Amino acid sequence: MSFAAPRIAPFQPPRRILMGPGPSDVPPRVLAAMARPTIGHLDPAFGDMMEQLKALLRYAFQTENRLTFPVSGPGSVGMETCFVNLIEPGDKVIVCINGVFGGRMLENVRRCGGVPVVVEDDWGRAVDVDKVAAAFAAHADARVLAFVHAETSTGARSDAAALAALARAHGALTLMDCVTSLAGTPVLIDAWGIDAAYSGSQKCLSCTPGLSPVTFSEAAIARVRARRVPVQSWFMDLNLVLGYWSGEGRRTYHHTAPINPLYGLHEALLLLAEEGIEQAWARHQSMHDTLRAGLEALGLEFVVPADERLPQLNSVRLPAGVDDAATRARLLDEYGLEIGAGLGALAGRVWRIGLMGASARRENVDACLDALAAVLK
Ligand SMILES: *Cc1c(COP(=O)(O)O)cnc(C)c1O
């Protein structure tokens, strides 16, 4: 006896305009790349593709770091990869919290057995560099500074260059979340002196979710090699992953890479290289300027002060008397438009309108403003 097979038709996703906090619109070229034939992950042709992918990621991160590769897993796995490798039990870590993702960093530090020193700032504001300086003054033995460059829960951008300089002056490594900033606003790993950074494929890179580009400086690699206790995660242990991603001809089995999604990331990064990263940053800024003017004309107020705003994530306060869930449902059903709800402390109080990657274009901005004007009337 066996269970009867359920009768289900192939899934056809509805047409959507993705203007939330990720995923962003995926260009047809990226989707087409993912539909190419699957080959073995130890096939030399796949190895060549991986080497190109690493070179393209170095361009996106603006780094020469040898250890730059996509972790097989979403941004959260990139986050854990950085924390589990760099933090040993007892390590003091200064963690900056100005939104949801800083809170997740704190949780990672705790789970690694680290001793967190929390620097808190208001949601919607950048990390206060002076508070971090005071934390270093009080905790000279801090080994790592962790912060979120682009806090997606609020749309605030922090001064990564100044924060990294502080960490360097105190002999600490810098661990940065650039999930939402990479390819949308300048992320200069080498110029800023960032030691470990992770991003995500589905935000300003406009690939499908499920891959997390990471990069590690030589100082970060030395810290991992000098660990007293092994990394508690077998899957994320860089010492083991290295043989797979940096084997150059001598690659050995670690896990089976998500082959077709990696074709997609390769294509998404080619699109970025073709456009030019400075042009991509400029496009995000100019689309933000147009969107901002339209949102303000509709009477919507921004959460983040102008000089700390991310162009790719626009948080605006819900107008009085507007039903959050019902309005977003109308946008989705009647206009095929997805925007983001508030997260954590801002749930039910803000909308988050994303202009990430391929979603940062004029047609989307116009469609979004038209739809909002209609539903808010
Ligand atoms: C989206 C996001 C993450 C998590 O990425 P997932 O791919 O959803 O796991 C982490 N940090 C920030 C700032 C993000 O915006």
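If you're wondering where the values come from, they're calculated on a predicted model, not measured in any experiment. (Residues numbered from 1 in each chain as written. Predicted model: local features only at pLDDT ≥ 70, side-chain atom pairs only at ≥ 80, totals over all residues. Heavy atoms only, no water.)

Peer 1: Describe the sheet that holds strand S1 (residues 17-19), listing the residues and the values that go with them.
Peer 2: Pairing within the open sheet is mixed, and its 4 strands lie in the order S1-S12-S13-S11. Strands with a single pairing partner mark the edges of an open sheet, and in this sheet they are S1 and strand S11 (313-317). Taking the axes of each pair of neighbouring strands and ignoring which way they run, one obtains an average angle of 30 degrees across the sheet. Pairing geometry for S11 and strand S13 (residues 350-354), over 5 bridges, is antiparallel. Residue Leu313 lies in a different strand from S13, and its bridge partner there is Gly354. Along the sheet face, helix H13 (residues 362-376) touches S1, strand S12 (337-341) and S13 and points at about 85 degrees away from the line of S1. (Pairing = 2+ DSSP bridges. Helix = DSSP H or I, 4+ residues; strand = E, 2+ residues; numbered from the N terminus. Axes fitted to C-alpha atoms, helices over the stretch in contact; angles between N-to-C directions. Contact = heavy atoms within 4.5 Å.)

Peer 1: Explain the pattern of salt bridges residue by residue, including any values.
Peer 2: All chains considered together, the criterion is met by 19 salt bridges. Among the salt bridges present, the one from Lys131 reaches Asp121, with a minimum N-O distance of 2.9 Å. Of this pair, Lys131 sits in helix H5 (residues 129-138) while Asp121 is found in the loop between strand S4 (115-120) and H5, placing the two residues 10 residues apart along the sequence. Exposure remark for Asp121: the relative accessible area of 11% places this residue in the buried category. Residues Glu363 and Arg361 are paired through a salt bridge, measuring 3.4 Å at the closest nitrogen-oxygen approach. Shared partners join several salt bridges into a network, and the residues in it are Arg29, Arg36, Glu267 and Glu274. (Salt bridge = Lys/Arg side-chain N within 4 Å of Asp/Glu carboxyl O. Buried < 20%, exposed > 50% of the residue type's maximum accessible area, 1.4 Å probe, protein only.)

Peer 1: Can you explain the state of the cysteines? Please cite residues and give values.
Peer 2: One pass over the full model with this rule turns up 0 disulfides. Cysteine Cys82 shares no disulfide, and the gap to the nearest cysteine sulfur, in Cys178, comes to 8.8 Å. For the unlinked cysteine Cys112, the closest cysteine sulfur is that of Cys82, found at 11 Å. (Disulfide = S-S within 2.5 Å.)

Peer 1: Tell me about helix H3 (residues 75-86), and name the residues and values.
Peer 2: Taking 1.5 Å of rise per residue, the 12 residues of H3 would be expected to cover 16 Å, and the 17 Å separating its terminal C-alpha atoms lies within 8% of that figure. Of all 12 residues that make up H3, 10 are buried, and the element is covered over most of its length. Within H3, the full set of buried residues consists of Gly75, Val77, Gly78, Met79, Thr81, Cys82, Phe83, Val84, Asn85 and Leu86. (Expected span 1.5 Å × (residues − 1).)

Peer 1: I'd like to hear about empty space enclosed by the protein, residue by residue, with values.
Peer 2: Scanning the model with the defined rule gives 1 cavity of 30 Å³ or more in all. Phe69, Pro70, Val71, Ser72, Thr81, Phe235, Met236, Leu238, Val241, Trp245, His254 and His255 together form the lining of the largest cavity. Breaking the lining of the largest cavity down by element, the ones donating at least two residues are strand S2 (67-72) and helix H9 (238-245). Of the residues forming the lining of the largest cavity, the biggest block, 4 residues, is contributed by S2. Looking at the lining of the largest cavity residue by residue, the classes come out as 8 nonpolar, 4 polar and no charged. (1 Å grid on protein atoms, 1.4 Å probe; cavity = no way out; pocket = protein on both sides within 12 Å on 5 of 7 lines; lining within 4 Å. Points joined across faces, edges and corners; volume = space filled by probe spheres on them. Nonpolar A, V, L, I, M, F, W, Y, C, P; charged D, E, K, R; others polar.)

Peer 1: Go over the sheet that holds S2, please, and point to the residues and values.
Peer 2: What links the strands of a sheet is backbone hydrogen bonding, and the strands pair in either a parallel or an antiparallel sense. Taken together, 7 strands build an open sheet; the order of strands is S2-S10-S9-S8-S5-S3-S4 and the sheet is mixed. With one partner strand each, in any of the chains shown, S2 and S4 form the two edges of the open sheet. Ignoring strand direction, the axes of neighbouring strands in this sheet form an average angle of 20 degrees. Two elements, strand S3 (residues 92-97) and S4, share 6 bridges in a ladder whose sense is parallel. Residue pairing for S4: Ile94 is matched across the bridge by Val117.

Peer 1: How would you summarise the domain arrangement of the chain if you had to cite specific residues and measurements?
Peer 2: Looking at the chain, the domain boundaries give domain 1 (17-23 + 277-375) and domain 2 (29-272). Each partner contributes to the interface: domain 1 provides 26 residues, whereas domain 2 provides 31 residues. Between domain 1 and domain 2, the buried area comes to about 2200 Å², and carbon and sulfur atoms account for 63% of it. Three residues stand out in domain 1 for area buried against domain 2, namely Ile277, Trp281 and Glu308, and they jointly supply 30% of the buried area on that side. Connecting domain 1 to domain 2 are 1 salt bridge. With its nearest N and O atoms 2.8 Å apart, the salt bridge here joins Glu308 to Arg125. (Domains from an automatic or database assignment. Buried area = accessible area lost by both parts, 1.4 Å probe.)

Peer 1: Please provide a residue-by-residue account of the site of the ligand, values included.
Peer 2: Around the ligand, the surrounding shell consists of Pro74, Gly75, Ser76, Phe101, Val148, Ala150, Thr152, Asp177, Val179, Thr180, Gln202 and Lys203. Between the ligand and Gly75, the relevant distance is 2.8 Å, taken from an oxygen atom to a main-chain nitrogen or oxygen of the residue. In this structure, an oxygen atom belonging to the ligand sits 2.7 Å away from a side-chain N or O atom of Lys203. When atoms are counted within 2 Å of each cavity's grid points, the one that captures over half of the ligand is the second largest pocket. Partitioned by chemical class, the residues of the shell around the ligand number 5 nonpolar, 5 polar and 2 charged. (Near = heavy atom within 4 Å. Polar contact = N/O pair within 3.5 Å; in protein donor to acceptor, adjacent residues only side chain to side chain. Sits in = over half its atoms within 2 Å of the grid points.)

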